[in-house]
Amino acid sequence: MGVKVLVTARSFSQNDKTPKEMLLNKGYEIISNPFGRIMTENEIAELIEDVDGVILGVDPFGKDIFERAQKLKVISRYGVGIDNIDKDSADSRDIPIYRTVGANTQAVADYAFGLMLDLTRKIAFIDRECRKGNWKKIKTREMNGKVLGLIGFGAIGKAVAKRGAGFDMRVLVYDPFVNQEMAQEYGVELVELDQLYAESDFISLHVPLIDATYHMINADAFKAMKPTAVLVNTARGGIVDEEAMYHALKNGEIAAAGVDVFDVEPPSNPSLMELDNLLVGAHCAASSVEAIDKMSYMAAENLIKGLEERN
Ligand code: NAD
């Protein structure tokens, strides 16, 4: 029987058709996500039985799916986070998980910085007011020279720090795996979380979703932030306690938040959508044409490499 590949990532090879052709040229049969949205576990389970490799978006890939996927040899993650995959199952079957490290770094850094800029200068809000006929001057603040707190200083955190440097910002970093030498190279200050919360005007999250970061931004964290602080989350929904964020935004514990990622996507809590000081995104931070092309090539190359090593 030939090699079967399931592609759940919706934007895979969307612009440049070459990555898909790379798979077809190898003789692989491709099953693409038929739903045009994130697939459910049941939907994946229906298709996974005789699949050899997966190009996986942010769709859930739990223990039950591994049990159904008896032929599975490789997971090629289309992205970097692997919180949607049951890693223990993959490890116990010796199934490698490849990632497209670096491919979406600039796209996410742009988006995180864009959220901060918009929440500061209220660009989208002014646009909406103008369309309603309100052409009054709306006063906002500047980002230049303010304090930017980064939680997580990997590829994306560093790319956001560079943008902050361009705005003459003082950049504080909390990341227990980063040393002083690295901090000096990027002109940032390594601090503990309480100092970052107390001093930052902008707090941007760039950590993976793991046990240690689950609900890291909770009610206590919001209380420790400045009432003028802006929180930006382009990392993962589970890092922020959404209930605590709702109360913090509603009660003015922080000024605003820009959120590209939610616990459940689309978000299950409708009251979040009633907040004027929340800027909402549909997990689009990585969806630039450039990042889609880079992720598609890398994901296709990783899948082929993984399958050829296994055969
Ligand atoms: P990365 O692996 O390069 O960096 C992650 C950083 O987090 C590392 O420096 C690590 O030391 C640090 N870290 C780990 N545990 C920590 C902890 N407990 N406290 C503080 N820091 C900790 O990853 P990246 O490419 O920078 O991506 C970061 C995250 O962004 C990914 O894990 C992913 O979940 C998310 N992401 C989202 C999108 C999107 O479309 N919104 C796209 C890409 C990545």
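Conventions and cut-offs
- Sequence order as written defines residue numbering, which begins from 1 separately in each chain.
- Owing to the predicted nature of the model, reporting of local features is limited to residues with pLDDT of at least 70; listing and counting of side-chain atom pairs is limited to 80 or more, with chain, interface and lining totals taken over all residues.
- Calculation of side-chain values draws on the structure's entire complement of heavy atoms; hydrogens and water are dropped beforehand.
- The rule for pairing is simple: two strands pair if DSSP sees at least two bridges between them.
- Where helices and strands are cited, they refer to DSSP runs of H or I of at least four residues and of E of at least two residues respectively, numbered from the N terminus.
- Among buried residues, the Ala, Val, Leu, Ile, Met, Phe, Trp, Tyr and Cys ones that are joined through side-chain atoms within 4.5 Å form a nonpolar core.
- Accessible area is worked out with a 1.4 Å probe on protein chains only. A residue is then buried under 20% of its type maximum, exposed over 50%, and partly exposed in between.
- Whether two residues touch is decided by their heavy atoms; if any such pair falls within 4.5 Å, the residues are in contact.
- Fitted lines through C-alpha atoms serve as axes, helices being fitted only where they are in contact, and the angles separating the N-to-C directions of these axes extend from 0 to 180 degrees.

Attention now goes to the sheet that holds strand β3 (residues 53-56). In spatial order, the strands read β2-β1-β3-β4-β5; together these 5 strands make up an open sheet with parallel pairing. Only two strands of the sheet have a single partner each, and these edge strands are β2 (29-32) and β5 (97-98). Two elements, strand β4 (residues 74-77) and β5, share 2 bridges in a ladder whose sense is parallel. The residue bridging I75 from the neighbouring strand is I97, located in β5.

Turning our attention to the nonpolar core. One finds L23, I55, L148 and V160 to be the most contacted residues of the largest nonpolar core, which totals 48 residues. Residue assignment for this core shows that the elements contributing at least two residues are β1 (4-7), α1 (18-25), α5 (105-121), β6 (147-151), α7 (155-166), β7 (170-174), β10 (230-233) and α12 (289-310). The contacts of V160, once residues within four sequence positions are left out, are A109, A112, F113, M116, L148, L150 and H206.

Read across the open sheet, the 7 strands follow the order β8-β7-β6-β9-β10-β11-β12; overall the sheet is parallel. In this open sheet, the two edge strands, each paired with only one partner strand, are β8 (189-190) and β12 (278-280). As judged from the 2 bridges shared by β7 and β8, these two strands associate in the parallel manner. If you follow L172 over to β8, its bridge partner there is E189. Strands in contact with α5 are β6, β9 (202-205), β10, β11 (256-259) and β12; relative to β11, the strand with the most contacts, it is inclined by about 150°. Packing against the sheet, helix α11 (residues 242-250) makes contact with β11 and β12, and its axis sits at approximately 140° to β11.

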